[in-house]
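As a plain string of letters, each chain reads:
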Amino acid sequence: DRRPDGMPGVFFGPTRFNMRVTEKPLPSAGSILDHVALSYMDVAAVVAGLAGSGAKVIEPVHQIPGLYRAAMIEDPWGARLELVEDPQLLGFHHAHARATDPAAMLRWFEEYFGGRPGQLKGRVAGLQFGPVWLLVDKADTTPAASDGRAIDHLGFRTTDIKAELAFLGGKGVKVLGEPRQDPNVATTFATFELVP
């Protein structure tokens with residue numbers, strides 16, 4: 001699927017993954033955005049269907065106790081993708097970040113973006129944004145920035161971007177430049193930086 005400006009992407013339900021050209025993308029593993037997860041009815045069939053695609057199976061299909069069956073792959077460009085079997089939430093399932101203080105990162109996102117705290121399947125602390133989860137693992141050292149990685153950043157929708165940026169700026173969040181209007185689609189963008 002291409003936007004009117006020609007940027008390629010793919011939808012998982014209402015969530016769109018945008019793709020951009022980067023000469024030498026770094027893998028997502030080891031960065032603050034370690035991986036994203038996609039949910040299917042039959043994860044084993046999805047993994048089997050990837051044979052010959054260039055994807056690398058990092059962790060074969062296995063049961064995560066109390067959660068679901070899952071596998072971890074790396075696509076040919078270095079993005080780590082967790083494939084999960086969760087019929088209650090098909091499509092884009094969660095983004096998985098890393099921080100030296102996971103609880104602090106979750107509190108930060110809750111305060112500034114209004115995610116709803118909860119426990120995925122009653123077992124893993126995270127935040128829900130609609131049906132989608134943000135989970136954060138403990139990192140022993142400060143993770144690398146995600147800029148320039150195979151998973152570069154996360155995007156959030158708002159109805160008033162100027163008010164949102166004023167709020168973030170007033171809280172000391174580093175906003176990177178002024179909002180910019182996409183010339184080809186009815187969307188205004190702005191970027192901010194999270195330092196773990």
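Fair warning: this is a prediction, and the values are worked out from it, not measured in the lab.

**Student:** I'm lost on the side chain of D86 in this one. Help?
**Tutor:** Within the secondary structure, D86 sits in the loop between β6 (80-85) and β7 (91-99). What D86 contacts, discounting residues up to four positions off in sequence, is S39, Y40, Y68, H93 and K121.

**Student:** Looking at this structure, I do not really get the pairing of β7. What am I missing?
**Tutor:** The side chains of a regular strand alternate between both faces of the sheet. A large share of β7 lies buried, amounting to eight of its nine residues. Of the strand pairs in this sheet, strand β3 (residues 33-39) and β7 are connected by six bridges, and their pairing is antiparallel. Paired with S39 across the strands is G91, a residue of β7.

**Student:** Would you mind showing me how to read the nonpolar core here?
**Tutor:** Within the largest apolar cluster, 31 residues are counted, with the highest numbers of intra-cluster contacts made by V36, F92, M105 and F109. Taken together, the elements giving at least two residues each to this core come down to β3, α1 (43-49), β5 (68-74), β6, β7, α2 (102-113), β10 (132-138) and α3 (161-170). Among the elements that take part in this core, α2 stands out by supplying six residues, more than any other. With sequence-adjacent residues up to four places away left out, V36 is seen in contact with F17, R80, L81, E82, F92, H94, A95 and I151. Grouped together as the second largest cluster of nonpolar side chains are nine residues, A37, V84, L120 and L135 included.

**Student:** Can you help me understand the packing of aromatic side chains in this one?
**Tutor:** Aromatic rings in a pair are described by how distant their centres are and how their planes are angled relative to each other. Under the defined criterion, the tally for this structure stands at five aromatic pairs. Judged by centre distance (4.9 Å) and plane angle (65°), the ring pair of W108 and Y112 falls under edge-to-face. Residue W108 and its partner Y112 are both found in helix α2; the two are separated by four residues, about one turn of the helix. Comparing W108 with Y112 shows no difference in burial state: the two are buried. Relative to F113, the ring of W108 lies with its centre 5.9 Å away and its plane at 50°, an arrangement referred to as tilted. In this structure, W108 and F113 share a single accessibility class: buried. Taken together, W108, F109, Y112, F113 and F167 form an aromatic cluster joined through their ring pairs.

**Student:** Would you take a moment to explain the side chain of H93 for this structure?
**Tutor:** Of note, H93 is situated in strand β7. Here the side chain of H93 touches H94 through a polar contact of 2.9 Å, side chain to side chain. Look past the residues within four positions of H93 in its chain and what remains in contact with it is A37, L38, S39, Y68, V84, D86, L120, V132 and W133.

**Student:** Sorry, what's going on with the pattern of salt bridges here?
**Tutor:** It is possible for side chains bearing opposite charge to pair when their charged atoms get close. One pass over the structure, following the stated rule, counts four salt bridges. Across the salt bridge formed by E74 and K56, the nearest N and O atoms sit 3.7 Å from each other. Of this pair, E74 sits in strand β5 while K56 sits in strand β4 (residues 56-64); the two residues are 18 residues apart in sequence, bridging distant segments of the chain. Note that E85 and R69 form a salt bridge whose closest N and O atoms lie 3.6 Å from each other. Here E85, found in strand β6, pairs with R69, found in strand β5; they are 16 residues apart in sequence, far enough to count as distant. According to the relative accessible area criterion, R69 is partly exposed, its value standing at 31%.

**Student:** Is there a simple way to think about the environment of R116 in this case?
**Tutor:** With respect to the element layout, R116 can be found in strand β8 (residues 116-120). The sequence separation of R116 and G130 amounts to 14 residues, and the corresponding C-alpha distance is 8.5 Å. Not counting the four nearest positions on each side in its chain, R116 is found in contact with G126, L127 and Q128. At 2.8 Å, the side chain of R116 and the side chain of Q128 are in polar contact.

Quick notes on the rules
Residues numbered from 1 in each chain as written. Predicted model: local features only at pLDDT ≥ 70, side-chain atom pairs only at ≥ 80, totals over all residues. Heavy atoms only, no water. Helix = DSSP H or I, 4+ residues; strand = E, 2+ residues; numbered from the N terminus. Contact = heavy atoms within 4.5 Å. Buried < 20%, exposed > 50% of the residue type's maximum accessible area, 1.4 Å probe, protein only. Pairing = 2+ DSSP bridges. Core = buried A, V, L, I, M, F, W, Y, C linked by side-chain atoms within 4.5 Å. Phe/Tyr/Trp six-rings, centres within 6.5 Å; stacked < 30°, edge-to-face > 60°. Polar contact = N/O pair within 3.5 Å; in protein donor to acceptor, adjacent residues only side chain to side chain. Salt bridge = Lys/Arg side-chain N within 4 Å of Asp/Glu carboxyl O.

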